[in-house]
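# Architecture at a glance
Listed below are the residues making up each chain.
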Amino acid sequence: MEGGFGSDFGNSGGGKLDPGVIMEQVKVQIAVANAQELLQRMTDKCFRKCIGKPGGSLDNSEQKCIAMCMDRYMDAWNTVSRAYNSRLQRERANM
């Protein structure tokens, strides 16, 4: 399956597309895209915050700054993600 979309995308072998399979594949693609975006944003933000003069290697303070920045970013993202998922569940329950 090239790029996640092969010629048998959602095909159950009988020439018909399986909506359940397609939906799962789309969910996986979205999750991968979200993870890539999270990593890119975290990298950009922490690089701008911690690296004053890019060079061949990171000094000790830059390494510590990057590690702490990434930890804080992930903690914040997890907190927001849990709150968002909780809100979605409450709204679905009220429907």
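Further up the page is the structure itself.
Let us look at the structure shown here. (Residues numbered from 1 in each chain as written. Predicted model: local features only at pLDDT ≥ 70, side-chain atom pairs only at ≥ 80, totals over all residues. Heavy atoms only, no water.)

## Some words on the nonpolar core
By size, the foremost hydrophobic cluster in this structure holds six residues: Met-42, Cys-46, Cys-50, Ile-51, Ile-66 and Cys-69. At the level of secondary structure, the elements contributing two or more residues to this core comprise helix H1 (19-50) and helix H2 (60-93). Examining the composition of this core, we find that three residues originate from one element, H1, more than from any other. The contact partners of Met-42, leaving out residues within four places of it in the chain, are Met-70, Tyr-73 and Met-74. (Core = buried A, V, L, I, M, F, W, Y, C linked by side-chain atoms within 4.5 Å. Buried < 20%, exposed > 50% of the residue type's maximum accessible area, 1.4 Å probe, protein only. Helix = DSSP H or I, 4+ residues; strand = E, 2+ residues; numbered from the N terminus. Contact = heavy atoms within 4.5 Å.)

## Description of the state of the cysteines
Under the definition given, this model contains two disulfides. Here Cys-46 is linked by a disulfide to Cys-69, with a sulfur-sulfur distance of 2.1 Å. Judged by the sign of its S-S torsion, about -85°, the cystine formed by Cys-46 and Cys-69 is left-handed. With a gap of 23 residues between them, Cys-46 in helix H1 and Cys-69 in helix H2 connect regions that are remote in the sequence. You'll find Cys-46 and Cys-69 in the same group, each marked buried. The disulfide that involves Cys-50 links it to Cys-65, with 2.0 Å between the sulfurs. Here Cys-50 and Cys-65 share a disulfide; its torsion about the S-S bond, -70°, makes the bridge left-handed. (Disulfide = S-S within 2.5 Å.)

## Brief notes about the pattern of salt bridges
A side chain with one charge can pair with a side chain of the opposite charge if their charged atoms come near. A full pass over the atoms with the stated rule returns three salt bridges. Note that Lys-27 is salt-bridged to Glu-24, the shortest N-O span being 3.7 Å. Here Lys-27 pairs with Glu-24, and both are found in helix H1, just three residues apart, close to one helical turn. Among the residues examined, Lys-27 registers a relative accessible area of 47% and is labelled partly exposed. Its relative accessible area of 45% is what places Glu-24 among the partly exposed residues. Note that Arg-87 is salt-bridged to Glu-91, the shortest N-O span being 3.1 Å. Of this pair, Arg-87 and Glu-91 are both found in helix H2, four residues apart, which corresponds to roughly one turn of the helix. In this structure Glu-91 comes out as partly exposed when scored by relative accessible area, which is 41%. (Salt bridge = Lys/Arg side-chain N within 4 Å of Asp/Glu carboxyl O.)

## Concerning the environment of Cys-46
In this structure Cys-46 comes out as buried when scored by relative accessible area, which is 1%. Each C-alpha atom, one on Cys-46 and one on Ala-67, is 8.8 Å from the other, the two residues being 21 residues apart in sequence. In contact with Cys-46, not counting residues within four places along its chain, are Ile-51, Ile-66, Cys-69 and Met-70.

## Details of the layout of surface pockets
As a volume, the largest pocket reaches approximately 420 Å³. Lining the largest pocket are Ala-31, Asn-34, Glu-37, Leu-38, Arg-41, Tyr-73, Trp-77, Ser-81, Tyr-84 and Asn-85. Within the lining of the largest pocket, the residues separate by chemical class into five nonpolar, three polar and two charged. (1 Å grid on protein atoms, 1.4 Å probe; cavity = no way out; pocket = protein on both sides within 12 Å on 5 of 7 lines; lining within 4 Å. Points joined across faces, edges and corners; volume = space filled by probe spheres on them. Nonpolar A, V, L, I, M, F, W, Y, C, P; charged D, E, K, R; others polar.)

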